[in-house]
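Geometric and topological summary
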Amino acid sequence: MAQGGIHPWSTPFLGEGKRYHACITTSEVEDDITSAKLLRDELRSYGFECFFEEDDIKLGQITPDARQKVLNCTMYWIIFLSEKSLEGEGLLRLQLQSHMDSYQGLVDSGIIPVLAEGLNKRLLPECIQKVKNVRIDKVGRWLRKITETLSAES
């Protein structure tokens, strides 16, 4: 049996009306992209359907409307955040706020923030400061945490 209780030969359950287990969003910061690709590959190896913006939307076409269409058919929004990515992502901040508003402040909003090593939590947009997050570590425990979170829903 694979980690997180997933059989490597079984397909994880997708919620009704959902097409993806996860939408993975990252900035153009190279470290964020590298970590996001590692997560994408790990999740896909367990049979999770992942929408990865860098692969699935052409650069420059990641509009709030395009992202929202994907999020509507996704169980979790996994978003990689680093100090550099938070510097100029005004549209992303607005979309995070809109997403959280639609959950009326519930902490279980379907967002999994993945924080870069050393990121000060005070830099996070206020709307997601109370959302449970995962911090990237060198050991790889962060990958298991996300896989286990998605597995719990399957």
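Below or above, wherever it landed, is the structure these notes cover. Here the structure is a predicted model, which means the values were calculated and not measured.

So, how was this worked out
- Within every chain, residues take consecutive numbers counted from 1 along the sequence as written.
- Under the rules for a predicted model, residues below a pLDDT of 70 receive no local features and side-chain atom pairs below 80 are neither given nor counted, while totals for whole chains, interfaces and linings still include all residues.
- Working from all heavy atoms in the structure, the side-chain values ignore hydrogens and water.
- Each helix corresponds to a stretch of at least 4 residues labelled H or I by DSSP, and each strand to a stretch of at least 2 residues labelled E; elements are numbered beginning at the N terminus.
- When a residue's accessible area, from a 1.4 Å probe over protein chains only, is under 20% of the maximum for its type it is buried; when over 50% it is exposed; and in between it is partly exposed.
- Polar contact criterion, stated in full: a pair of N or O atoms within 3.5 Å, where within protein one must be able to donate a hydrogen and the other to accept it, and residues adjacent in sequence count only if both atoms are side-chain atoms.
- One speaks of a salt bridge when a side-chain nitrogen belonging to Lys or Arg is within 4 Å of a carboxyl oxygen belonging to Asp or Glu.
- Two strands are counted as paired when DSSP detects at least two bridges linking them.
- A crossover counts as right-handed when, viewed with the strands pointing away from the observer, the path leading from the first strand over the helix to the second turns clockwise.
- Two residues qualify as a contact provided that any one of their heavy atoms is within 4.5 Å of a heavy atom in the partner residue.

1. Some thoughts on the side chain of threonine 25
Inspection of the secondary structure assignment puts threonine 25 in strand β1 (residues 20–25). Look at threonine 25 and you get buried, because its relative accessible area is 1%. Here the side chain of threonine 25 touches tryptophan 77 through a polar contact of 2.7 Å, side chain to side chain.

2. Some details on the pattern of salt bridges
Following the criterion strictly, the structure yields one salt bridge and no others. Measuring nitrogen to oxygen at the nearest pair gives 2.9 Å for the salt bridge that ties arginine 40 to aspartate 41. Owing to a relative accessible area of 10%, arginine 40 belongs among the buried residues under this scheme. Aspartate 41 gets classed as partly exposed once you look at its relative accessible area, which sits at 42%.

3. Concerning the pairing of β1
Among the six residues of β1, six are classified as buried, and the element is accordingly described as predominantly covered. Judged from the five bridges that link them, β1 and strand β3 (residues 74–81) form a sheet pairing that is parallel. Note on β3: the bridge partner recorded for alanine 22 is tyrosine 76. In the sheet, β1 pairs with strand β2 (residues 50–52) via three bridges, with the strands oriented parallel. The residue of β2 that forms the bridge with alanine 22 is cysteine 50. In the classification by handedness, the crossover that spans β1, the intervening helix α1 (residues 30–45) and the parallel β2 is right-handed.

4. Considerations on the sheet that holds strand β5 (residues 134–135)
Backbone hydrogen bonds hold the strands of a sheet together, and the pairing may be parallel or antiparallel. Judged by pairing direction, the sheet is parallel, and its five strands sit side by side in the order β2-β1-β3-β4-β5 without closing on themselves. Taken across any chain shown, the strands that pair with only one partner, and hence form the sheet edges, are β2 and β5. Inspection of the sheet shows strand β4 (residues 111–115) paired to β5 by two bridges, in the parallel sense. Bridging from a neighbouring strand, leucine 115 pairs with arginine 135 of β5.

5. Here we look at the side chain of serine 82
Position of serine 82 relative to the elements: it lies in the loop between β3 and α4 (83–87). Here the side chain of serine 82 touches aspartate 32 through a polar contact of 3.0 Å, side chain to side chain. Setting aside its immediate chain neighbours within four residues, serine 82 contacts Val29, Asp32, Ala116 and Leu119.

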